[in-house]
Each structure stands twice: as C-alpha cells, then as structure tokens.
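Structural overview
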Amino acid sequence: MNTTSNIQSEVTQWLQNHWDPNRDLISWRSMVADSGWGAPSWPGEYYGKDMSPLEAAAVEQAFADFGAVGAAQSGVRMLAAVTLLAHGSHEQKQKYLRGILTGEDQWCQLFSEPGSGSDLAGATTRADLRGDEWIVNGQKVWNTSAHHAQYGLLLARTDWDAPKHQGLSYFIINMEQPGVEVRQLAQMNGHASFNEVFMTDAVVSREDLVGAEGDGWKCAMTTLANERRSFDRARDVSGRKDRQGKIFQDLAEEFAIANEPYTWYPQRAGRVDLIMPRARSTGAIHDPATRQDIARLHILAESARWTGDRAKAAAKAGKPQGPEGSLGKLAASNVARLASRVHTAISGNDALLTGPESPMDGIIAEILVSTPAISIAGGTDEIQKNIISERVLGLPKEPRFDEATFRNVRRNTGPAVDADT
Ligand SMILES: Cc1cc2nc3c(=O)[nH]c(=O)nc-3n(C[C@H](O)[C@H](O)[C@H](O)COP(=O)(O)OP(=O)(O)OC[C@H]3O[C@@H](n4cnc5c(N)ncnc54)[C@H](O)[C@@H]3O)c2cc1C
C-alpha cells in the first residue's frame with residue numbers, strides 16, 4: 001500500500017521530469033490530466049488514479065511544495081465533474097472531464113428560475129425530445145458565470161404528468177448556440193456576476209442527458225450537496241503574480257477572467273480578518289459594547305471554522321456528506337451577518353462610503369452590500385433550517401401540497417408554459 005510520503009516522492013519525481021514553467025498552461029494541464037495526477041481520487045479510467053481522499057491530498061501538497069501548477073479545480077466545473085462522475089455515462093466522462101481538468105471549459109449551473117429558487121423542483125423550463133435532440137424552452141436566473149461558460153448544468157422538466165420531483169431531467173447544454181441568450185444582471189454591490197439565461201428552441205443532443213430521463217432531481221442533489229460542502233473553500237485569486245514563466249502569465253490571465261465574478265466573495269463572507277485591525281486603527285477597540293460584539297463574532301467564527309474543519313476531515317477520510325454541509329452554510333451566514341454589523345459599529349456612518357477617501361477604499365461598504373448574498377446562494381438560510389430540522393433532527397416535515405402530477409400542482413408562476421402540449 002502507498003504511504004503518503006511514498007506518494008509525495010513519486011509526484012515530486014514526476015514533476016522533476018516534466019515541470020516546465022515556460023510551457024503554455026493548457027498543454028501543461030493536458031499532461032497533468034493524462035498522467036492522473038490532476039485528479040488522483042478519480043477513477044483510473046477517467047484521468048485519475050483511484051486514490052483515497054487522503055492520498056489525493058498528499059498529491060496536492062506535493063504540487064504545492066514543488067511550486068507547480070495543478071489541474072483546474074475551481075468553480076462550477078468541479079460541481080460538473082462530481083455530478084458527471086456520479087451519474088454521467090462513460091461517453092460523457094470521456095468527453096467532458098478532460099476539458100474540466102485542463103481549464104479549457106467553463107461551466108455554469110442552470111437551476112434557479114424566476115418562479116423556482118428554493119422550490120427548485122418546481123422548475124418549468126421544459127425539454128422535449130424531438131428525434132435525436134432535446135429542444136429546450138424556458139428561463140433561468142442568477143446563473144453565476146454563465147456569461148463565461150461553454151457548458152451549463154441544466155435542470156429541465158421532461159414529464160408534466162409525473163409528480164414534480166420525478167418529472168425533471170438533467171442535461172449538459174452547450175451555451176454557445178443561437179437558442180441560448182445570456183444577459184448579465186447588475187448587483188447592488190456594483191458587480192455583475194450572475195445572469196439571466198433565456199433558452200428558445202435551444203438544442204441538447206440525446207447523448208447529453210445525464211443519468212436516466214426523470215433522474216434530474218437525484219443528479220441536482222449531488223451538485224447541490226457538493227456546492228454546500230465547498231462553501232468555506234477560499235478561492236485563489238492571486239494569479240501567482242510572483243512566479244516567472246509563460247505558464248504563470250497564462251494562469252494570471254485565466255484567473256482574471258474566470259475569477260472576475262468572484263472578486264467580491266471574500267467581502268460577502270464578512271471579512272472577519274479585518275475586524276481587529278479596523279477596531280485598533282479607529283479606536284473602537286476601547287468601546288466596551290463594540291468589544292463585546294467583537295468577542296461574540298470571534299466565538300461564532302471560530303466555531304464555524306471548526307465545523308468546516310470537521311467537514312474537511314470527513315471528506316478527506318472519504319466519509320459521505322453529513323449535516324456539516326447545511327450547518328456550515330448556515331454558520332457562514334450568521335458569521336457574515338454579524339461581521340457586517342460589527343464593521344458598521346466600528347466605522348459608523350463612514351461604512352457607507354465608497355471611493356478613495358472611504359474606509360479601506362470602499363471595502364467596508366462592499367462588505368455591507370455583499371453579505372446578504374451568502375444567506376441566499378446555494379439555498380437560503382430558511383431552507384438550510386428546514387433541512388436540518390427534518391433530516392438531522394428528525395422533526396415533522398413541512399406540510400406538502402405538491403404531490404399530485406406536476407400539471408395539476410399550483411405553482412409560483414401560475415400555469416406552466418405550454419404545459420398542455
Ligand atoms: C451569489 C449568488 C449566486 C447564485 N448562483 C446561482 C447559480 O449559479 N445557478 C443557479 O441556478 N442559481 C444561483 N443562485 C440562485 C439561488 O440558488 C437562489 O437565489 C436561492 O435558491 C433562493 O431562491 P429565490 O431567489 O428564488 O428565493 P425564493 O425561493 O423566492 O425565496 C424567497 C424567501 O422565501 C423563503 N422561503 C422560500 N421557501 C421557503 C420554505 N419552504 N420555508 C421557509 N422559507 C422559505 C426564502 O428563505 C427566502 O427568504 C445564486 C444566488 C446568489 C445570491
């Protein structure tokens with residue numbers, strides 16, 4: 001059996017033989033993907049090495065210690081990868097996983113609709129099989145990075161006569177086609193990270209149905225469970241500017257584009273790291289009420305970090321997702337909300353200012369208008385509380401009024417578009 005130190009020496013040896021920072025990024029990552037070191041926990045058949053999460057972490061560490069660039073591992077592409085690995089066909093895994101690891105393909109998640117966000121299973125975007133193609137019509141909304149994406153993870157209704165959770169199917173949709181229109185949405189923090197996506201007779205090939213027809217809810221749960229689990233993972237937005245070579249130039253360019261929608265994500269988490277420096281520099285540290293708020297925030301943030309560490313340890317040990325996903329997400333919301341309040345207490349009216357004269361060049365103001373997002377993205381706080389109460393604590397379930405065939409279920413948007421056809 002491989003020990004982690006054997007693995008690290010094997011990886012280091014491989015890097016010594018192959019690493020060249022003057023290559024271009026995609027050709028390097030193609031080599032990494034084909035070697036299996038880019039995603040060692042994936043099956044050997046699909047660019048991996050069948051390693052345990054613990055062994056895979058040793059590989060990642062060896063890349064970091066060596067200073068070499070690994071496979072593209074951030075963003076929705078990883079949600080696509082875990083979903084395809086769990087439910088995709090052999091052909092889909094062969095076709096799509098490599099472009100995920102090389103970073104050539106960007107992905108977006110096309111789940112939410114104007115009338116179904118929390119009630120995701122109420123989706124009314126429809127896909128109808130005509131010959132060898134699925135024809136898709138409907139609207140999605142809040143789709144992060146859809147303006148950069150080549151592929152979308154699409155949840156659409158394929159059976160209006162099944163109960164609502166059973167009439168959904170999951171597709172890979174090519175975003176670069178005439179039937180798909182992406183419109184960016186302006187946010188109150190001045191960024192435009194997400195989009196509305198309109199699909200009008202958009203085409204999905206029959207081979208791009210993930211799982212079986214009607215398995216959409218099961219596949220979407222895999223995507224969402226991993227989204228919640230990865231909530232506390234920091235994104236590297238540095239672009240490794242300090243490193244020399246073509247590969248690092250390419251990486252910096254990739255970061256600039258791929259991470260543009262996420263530049264405000266540290267602020268939406270509340271920037272607890274800025275609390276003490278701000279309290280000291282403004283003198284608010286001497287205010288007894290503010291000191292109590294700071295202490296409360298640190299207790300909350302530390303306990304949330306431990307929950308995150310437990311989730312990471314469970315993932316490393318290969319354990320299935322436990323309650324930490326929803327608990328961690330809820331804790332992250334509580335921390336961000338309290339941090340925003342404490343920043344306001346420290347900065348006073350100045351917290352509202354933006355521009356060069358403002359506290360921290362507008363960062364404090366950005367925190368105030370960004371933290372609400374964390375209580376909504378990936379499932380709202382209320383939905384996490386429902387999940388925790390029903391699935392973790394075993395409390396009685398919410399009453400349901402949607403168990404009839406979907407055609408006859410009352411919906412947020414009224415009757416479904418063309419539901420009778
Ligand atoms: C930063 C960000 C990024 C996002 N990225 C994506 C993306 O890439 N792809 C995508 O598809 N979507 C994305 N979303 C959308 C997100 O998943 C939805 O906004 C979220 O699920 C809530 O849905 P909604 O906005 O329709 O609110 P609604 O579902 O209309 O909820 C409105 C309010 O009602 C409450 N509520 C609803 N149902 C219940 C209930 N049963 N019990 C108690 N309270 C309830 C909610 O908690 C909320 O307070 C993103 C959102 C944000 C903020």
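Up top is the structure these notes are about.
In this report, we go over the structure that sits alongside the text.

Criteria and cut-off values
Residues numbered from 1 in each chain as written. Predicted model: local features only at pLDDT ≥ 70, side-chain atom pairs only at ≥ 80, totals over all residues. Heavy atoms only, no water. Salt bridge = Lys/Arg side-chain N within 4 Å of Asp/Glu carboxyl O. Helix = DSSP H or I, 4+ residues; strand = E, 2+ residues; numbered from the N terminus. Buried < 20%, exposed > 50% of the residue type's maximum accessible area, 1.4 Å probe, protein only. Core = buried A, V, L, I, M, F, W, Y, C linked by side-chain atoms within 4.5 Å. Contact = heavy atoms within 4.5 Å. Near = heavy atom within 4 Å. Polar contact = N/O pair within 3.5 Å; in protein donor to acceptor, adjacent residues only side chain to side chain. Areas by Shrake-Rupley, 256 points an atom, 1.4 Å probe, with all protein chains shown as cover. Nonpolar A, V, L, I, M, F, W, Y, C, P; charged D, E, K, R; others polar. Axes fitted to C-alpha atoms, helices over the stretch in contact; angles between N-to-C directions. Left-handed = near helix turned anticlockwise from the far one by under 90°. Phe/Tyr/Trp six-rings, centres within 6.5 Å; stacked < 30°, edge-to-face > 60°. Lys NZ or Arg CZ within 6 Å of the ring centre and 35° of its normal. Pairing = 2+ DSSP bridges.

**A few points about the pattern of salt bridges**
Applying the stated criterion across every chain yields a total of 18 salt bridges. Taking the shortest distance from any N to any O, the salt bridge between Lys164 and Asp119 comes out at 2.7 Å. Taken as a pair, Lys164 in the loop between strand S4 (151-157) and strand S5 (168-174) and Asp119 in the loop between strand S1 (107-110) and strand S2 (126-130) lie far apart in primary sequence, 45 residues in all. Judged by its relative accessible area of 6%, Lys164 is buried. When its relative accessible area of 29% is taken as the criterion, Asp119 is described as partly exposed. Here Arg296 ties to Asp293 by a salt bridge, and the two come within 2.9 Å at their closest N and O atoms. In this pair, Arg296 and Asp293 both sit in helix H10 (residues 288-316), 3 residues apart, roughly one turn of the helix.

**Topic: the nonpolar core**
The nonpolar side chains of a soluble globular protein tend to be buried with one another. Counting residues in each nonpolar core, the largest one holds 33 residues, and the members touching the most others are Leu97, Trp107, Phe111 and Tyr170. At the level of secondary structure, the elements contributing two or more residues to this core comprise helix H4 (76-87), helix H5 (90-102), S4, S5 and helix H6 (216-229). At 5 residues, the largest contribution of residues to this core is made by H4. Apart from residues no more than four positions distant in its own chain, Trp107 is found in contact with Val76, Arg77, Ala80, Leu84, Tyr96, Ile100, Ala149, Tyr151, Leu153 and Ile172.

**Digging into the site of the ligand**
In the vicinity of the ligand, 21 residues are found, and the nearest of them are Ser112, Ser118, Trp142, Thr380 and Glu382. In the environment of the ligand, a nitrogen atom lies 2.8 Å from a nitrogen or oxygen atom belonging to the side chain of Thr144. Calculation on the ligand without its partners gives an accessible area of 980 Å², and the protein chains cover 70% of this total. Taken together, the residues of the shell around the ligand break down into 9 nonpolar, 9 polar and 3 charged.

**Details of the environment of Met360**
Relative to the helices and strands, Met360 resides in the loop between helix H11 (324-347) and helix H12 (363-370). Classification of Met360 as partly exposed rests on a relative accessible area of 36%. Taking the C-alpha atoms as reference points, Met360 and Arg278, separated by 82 residues in sequence, lie 9.1 Å from one another. Apart from the residues lying within four places of it in its own chain, the contact partners of Met360 are Leu274 and Arg278.

**A closer look at the packing of helix H1 (residues 4-18) against helix H2 (residues 25-35)**
Helices that pack against each other are described as a pair by the angle of their axes relative to one another and the distance between those axes. Contact geometry of H1 with H2 gives a least axis separation of 13 Å together with a crossing angle of 145 degrees. With respect to the hand of their crossing, H1 and H2 are arranged in right-handed fashion. Contacts between H1 and H2 involve Trp14, Leu15 and His18 from the first element and Trp28, Met31, Val32 and Ser35 from the second. Looking at side-chain class alone, the contact of H1 with H2 contains 5 nonpolar, 2 polar and no charged residues.

**Details of the packing of aromatic side chains**
Overall, the coordinates contain 12 aromatic pairs when judged by the stated rule. Pairing Tyr96 with Tyr151 gives two aromatic rings, centres 5.1 Å apart and planes at 80 degrees, and the pair type is edge-to-face. Taken together, the residues span a long stretch of sequence, with Tyr96 in helix H5 and Tyr151 in strand S4 at a distance of 55 residues. Tyr151 shares its class with Tyr96; the two are buried. Put simply, the rings of Trp14, Trp19, Trp28 and Phe248 touch in pairs and so form one group of aromatic residues. Sitting above the plane of the Trp37 ring, Lys49 keeps its charged end 4.4 Å from the centroid. It is Arg157 that lies over the ring of Phe406; its NZ or CZ is 3.5 Å from the centre.

**A word on the pairing of strand S3 (residues 133-141)**
Bridge analysis of S2 against S3 gives 5 bridges, and the strand direction is antiparallel. Each bridged residue has a counterpart across the sheet, and for Asp128 the counterpart in S3 is Ile135. Connecting the antiparallel pair S2 and S3 is a turn made up of 2 residues, with Gly131 showing a positive phi of about 65 degrees. Sheet topology note: the S3/strand S7 (residues 195-205) ladder contains 8 bridges and is antiparallel. When the sheet's bridge partners are listed, Ile135 is paired in S7 with Val203.

Structural measurements only, silent on function.
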